[in-house]
Amino acid sequence: MDLEATPHGLPGRLRTATARAAAFACALSLTGCSGVQSALDPAGGDALRIYWLTVIMTVGGILIFLLVTGLLLYAIFAPPERRAWLGSRKTIVYGGLAFPIVVLSCLLPYGLIVMRDTDVPVAGALPVEVVGEQYWWRVKYPAEQERAEFSTANELVVPVGRPVTVSVTAADVIHSFWIPNFGGKIDMIPGRINRLTFTAERPGIYRGVCAEFCGDQHARMAFDVVALEPAAFETWRAGQARPAQDPAIPFLARGRELFRAGGCGSCHVVRGTEANGQFGPDLTHVGSRRTIGAGQFPNNVGTLAGWIANTQHIKPGVRMPSYGSFTGEDLRALGGYLESLR
Ligand code: CUA
């Protein structure tokens, strides 16, 4: 139906605009519900409890608001003889006193129980330590039984079905660790260790973010969360614990030589080589990560080379300087070497 063709042009257009706005809001709300970084698409653990708390509070709040608004309109517009009961003692005692007392007495314990249940250490959980840095994430998997410890960065890989206890702290300023699909936020405070336990219930790739303003590049401080089946997780873990592999071809060997000569090893560690800097991210298996720059770019030779040459232009304020003096050929070799560290 062509609304524009109605005899009254303006209402027609208005209606079209309203319909479009409603469709847009609808589409927006639907797209906002699912995804790799959405608290409305819980993928396990505490996120589901928090989700239901949100749903109950929101829907309950809306229903009560509608009820009160309805009563208010009724009190204003209904004929006096029909709205007399609104001012009766009974209405006030039941509606104004008993109802809020009962509702709030239920909601408060419910909220407190959710809070308690989302803060429980679980025996047998996989321990992971995450340190917030300006503006990236240092991730350490401590030794467990015969499995060796190792560090990585900007990527949290977890097994599906096993609880994970993340111990968080910060190296410089306060950050906040948040994986919306798995649970609530937790502050990362220098000198203090906070813990968060969650269980990933379905495999997939999710996204975590820093949820506390921490400086210039706060908005570009994200990380990937990869939930793997237990066997795939063990394979990944064994691979990460190994030292870096040697370059397979002369071109990559040249990249490693440039990495050494450029002094990259004074900030970055590549286990198995002389590079042992502790200041920046561990690069031993940087090629196996999905993204670089704390979740900013897909990981490939091009983005690695661009990052090295132009760090301060891409993410001004990070601790790594731009290495603009490398030639294109050098950057290809360097990027190629880093990408080969899988
Ligand atoms: Cu780190 Cu915001």
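Residues numbered from 1 in each chain as written. Predicted model: local features only at pLDDT ≥ 70, side-chain atom pairs only at ≥ 80, totals over all residues. Heavy atoms only, no water.

All right, on to the pattern of salt bridges then. For the structure on display, the rule yields 18 salt bridges. Between R202 and D41 there is a salt bridge, and its shortest N-O distance comes to 3.2 Å. Taken together, the positions of R202 in the loop between β8 (194-199) and β9 (204-210) and D41 in the loop between α1 (9-31) and α2 (46-77) put the pair 161 residues apart, joining distant regions of the chain. The exposure class of R202 is partly exposed, given its relative accessible area of 34%. One salt bridge connects K140 with E129, and the closest N-O pair in it is separated by 3.9 Å. Residue K140 is located in strand β2 (residues 136-141), and its partner E129 is located in strand β1 (residues 126-133); the two are separated by eleven residues in the primary sequence. With relative accessibility at 27%, the residue K140 sits in the partly exposed group. (Salt bridge = Lys/Arg side-chain N within 4 Å of Asp/Glu carboxyl O. Helix = DSSP H or I, 4+ residues; strand = E, 2+ residues; numbered from the N terminus. Buried < 20%, exposed > 50% of the residue type's maximum accessible area, 1.4 Å probe, protein only.)

Turning our eyes to something else, we now look at the packing of helix α5 (residues 250-261) against helix α7 (residues 328-340). Where α5 meets α7, the closest approach of the two axes is 7 Å, and the angle between their N-to-C directions is 100°. When the axis of α5 is compared with that of α7, the two are roughly perpendicular. Residue-level contacts link F251, L252, R254, G255, R256, L258 and F259 of α5 to E329, D330, R332, A333, L334, G336, Y337, L338 and S340 of α7. Partitioned by chemical class, the residues of the contact of α5 with α7 number eight nonpolar, three polar and five charged. (Axes fitted to C-alpha atoms, helices over the stretch in contact; angles between N-to-C directions. Parallel < 35°, antiparallel > 145°, perpendicular 65-115°, else oblique. Contact = heavy atoms within 4.5 Å. Nonpolar A, V, L, I, M, F, W, Y, C, P; charged D, E, K, R; others polar.)

Partitioning the chain into domains gives domain 1 (9-117), domain 2 (126-240) and domain 3 (250-339). If you average the C-alpha positions of domain 2 and of domain 3, the two centres end up 22 Å apart. Facing 22 residues of domain 2, the contacting portion of domain 3 comprises 21 residues. Between domain 2 and domain 3 lies a buried interface of about 1700 Å² when both sides are counted; carbon and sulfur atoms form 41% of it. Together, R220, D224 and Q240 form the three largest contributors to the area buried by domain 2 at its contact with domain 3, with a combined 26%. On inspection of domain 2 and its partner domain 3, the count reaches one salt bridge. The shortest N-O distance in the salt bridge between R290 and D224 comes to 3.2 Å. Our enumeration of links across domain 2 and domain 3 arrives at 17 residue pairs in polar contact (both at pLDDT 80 or more). (Domains from an automatic or database assignment. Buried area = accessible area lost by both parts, 1.4 Å probe. Polar contact = N/O pair within 3.5 Å; in protein donor to acceptor, adjacent residues only side chain to side chain.)

Between two packed helices, what matters for the description is the angle formed by their axes and the separation of those axes. Interhelical geometry of α2 versus helix α3 (residues 89-117) gives an angle of 165° and a closest axis separation of 10 Å. By the angle between their axes, α2 is roughly antiparallel relative to α3. Where α2 crosses over α3, the two elements pack in a sense that is left-handed. Contact with α2, carried on its side by D46, R49, W52, L53, I56, M57 and I64, involves F99, V103, L107, Y110, G111, V114 and D117 of α3 and no other residues of that element. Along the lines of polarity and charge, the residues of the contact of α2 with α3 split into ten nonpolar, one polar and three charged. (Left-handed = near helix turned anticlockwise from the far one by under 90°.)

As a further point, take the state of the cysteines. Going through the model one piece at a time under the given rule, you end up with zero disulfides. As a non-bridged cysteine, C264 has C267 as the owner of its nearest cysteine sulfur, 8.8 Å distant. (Disulfide = S-S within 2.5 Å.)

This part takes up the sheet that holds strand β4 (residues 155-159). Taken in spatial order, the five strands line up as β4-β10-β9-β6-β7 in an open sheet, and their pairing is mixed. Bordering the open sheet on either side are β4 and β7 (186-188), each of which pairs with just one other strand. Adjacent strand axes in the sheet meet at a mean angle of 25°, parallel and antiparallel pairs treated alike. Sheet analysis places strand β6 (residues 175-178) next to β7, joined by three bridges and oriented antiparallel. Looking across to β7, one finds that H175 is bridged to M188. (Pairing = 2+ DSSP bridges.)

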